[in-house]
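Listed below, chain by chain, are the residues.
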Amino acid sequence: MQDPSAREDGLVSQNYDTVYVWKFKQFKTASGRRVICDWKKRFPSRRRQAIFDVFMDRIAKMNSWTVDDCKPIKNHPGCRELRWTAEKVEHRIFGYFGEKEFFMMVGCTHKQKIYDPSSAFDTLDDRKKAVANRTGQVDEYNVFWTPKSSQ
Amino acid sequence: MNTTSSGLRKAVNDKDYRHGLVSAQIDIDLPFQLRRLRMQRGWTQPELAERAQMRQPRISAMEKPGGAHFTLETLRRLAEAFDVALIVRFAPFGELLEWSERFNPETFSVPAFDEEFGRIASRANLPIAIGAAAAAVAGGQRQSEEMLPSLDELTSFGKIVSIDSKYRRRPESAATAAQVLHGHDLLGQAQAI
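Residues numbered from 1 in each chain as written. Chains lettered and ligands numbered in written order. Predicted model: local features only at pLDDT ≥ 70, side-chain atom pairs only at ≥ 80, totals over all residues. Heavy atoms only, no water.

**Student:** Before we move on, could you go through the packing of helix α2 (residues 15-40) of chain B against helix α6 (residues 93-102) of chain B and cite the residues and values that matter?
**Tutor:** Residue and element names in this part refer to chain B. Running from amino to carboxyl end, α2 crosses α6 at an angle of 50°, the nearest separation of the two axes being 11 Å. Here α6 runs oblique to α2, going by the angle between their axes. For the pair α2 and α6, the sense of crossing is left-handed. Residue-level contacts link R18, H19, L21, V22, Q25 and D29 of α2 to F93, L96, L97 and W99 of α6. (Axes fitted to C-alpha atoms, helices over the stretch in contact; angles between N-to-C directions. Helix = DSSP H or I, 4+ residues; strand = E, 2+ residues; numbered from the N terminus. Parallel < 35°, antiparallel > 145°, perpendicular 65-115°, else oblique. Left-handed = near helix turned anticlockwise from the far one by under 90°. Contact = heavy atoms within 4.5 Å.)

Below, the structure is given as structure tokens:
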């Protein structure tokens, strides 16, 4: 019997858990790439993925976030960065708020004042503009969502 | 089992991932809980630092996910500052998964000892206090205020079900209820629970 949650693109999707207060959306490229899922897949260890998943799970269930969790980005009005450290590397997701939603545009790391990718800020601006102009798309991001290829 | 749970339980088949969940308890959950405990008590970071005999920048770092390295001694000092217990032990992954699946931010709130055990003591003593006061009223004896349950005891008890409906547990009504009780008017109506 076919899994009713299976999608045509081969990813196993999950319905959003009702205990979550916040929903996450991620930028989807023209070729269909979900940028945060892809960024997470490229983490050097599954350990780091687990820490990321737990971070997202916890903040998704909090009624409000502090400025330490989600800091405004200087020179990028309306944009925020989710922040956590895993395996001594600072991780960031750049995005912006919607109505009880956080739109994630790009993920990066930050070590000794160097961002990786170095174009993260430009990418944030470009993608945010594309979403506003409806030339770019967003898709849902589910915590603990595991693409079939990673299972 | 909900779909989020099934995703998590699938992922733990990978050893590196499941030990990442253990790391996340330290890197993510501890900072969030530390912040929650501090704010639950209405303390600033400097106030917590003083109580834990640490410096404020260290408290600030510890409240950021992955921002600081925790030692057992640090955790012990923080537990003492908050006057809560600290449980450190190895556990099966099933227990960790279940906890994670059931997590909500309230899970991080922990009452201090006085709040936890003080409430239990009040619950045990309050019927006796009310009964004694009611008996004294019936006997026409004036009671000193020290013998009557205090407003704090009444309001923390949380079960003033039998006081006249006009004096239900709202701040102004609670004060009125306490005054009236101390004036002996409604003691006869307060039933031991």
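**Student:** Any chance you could break down the confidence of the model for chain B for me, citing the residues and the numbers?
**Tutor:** Residues and elements named next belong to chain B. The pLDDT averaged across chain B works out to 76; a share of 59% of its residues lies at or above 70. Ranking the elements of chain B by mean pLDDT puts helix α9 (residues 171-182) last with 47 and helix α3 (residues 45-52) first with 98. Across residues 157-177, confidence stays below pLDDT 50; counting only partners more than four residues off in sequence or on other chains, it has 32 contacts. Scored as a complex, the prediction yields pTM 0.73 and ipTM 0.82. (pLDDT = per-residue confidence, 0-100.)

**Student:** Which residues make up the pairing of strand β4 (residues 89-97) of chain A, and what values do they have?
**Tutor:** Within a regular strand, the side chains alternate between the two sheet faces. Residue and element names in this part refer to chain A. Within β4, 7 of the 9 residues are buried, which leaves it mostly tucked inside the rest of the structure. Where strand β3 (residues 79-86) and β4 come together, 8 bridges link them in antiparallel fashion. Residue pairing in the sheet places T85 in a bridge with E90 of β4. Counting the residues in the hairpin turn of β3 and β4 gives 2 residues, including E87, whose phi is positive at 50°. Here β4 pairs with strand β5 (residues 101-111) via 8 bridges, running antiparallel. Looking across to β5, one finds that H91 is bridged to T109. (Buried < 20%, exposed > 50% of the residue type's maximum accessible area, 1.4 Å probe, protein only. Pairing = 2+ DSSP bridges.)

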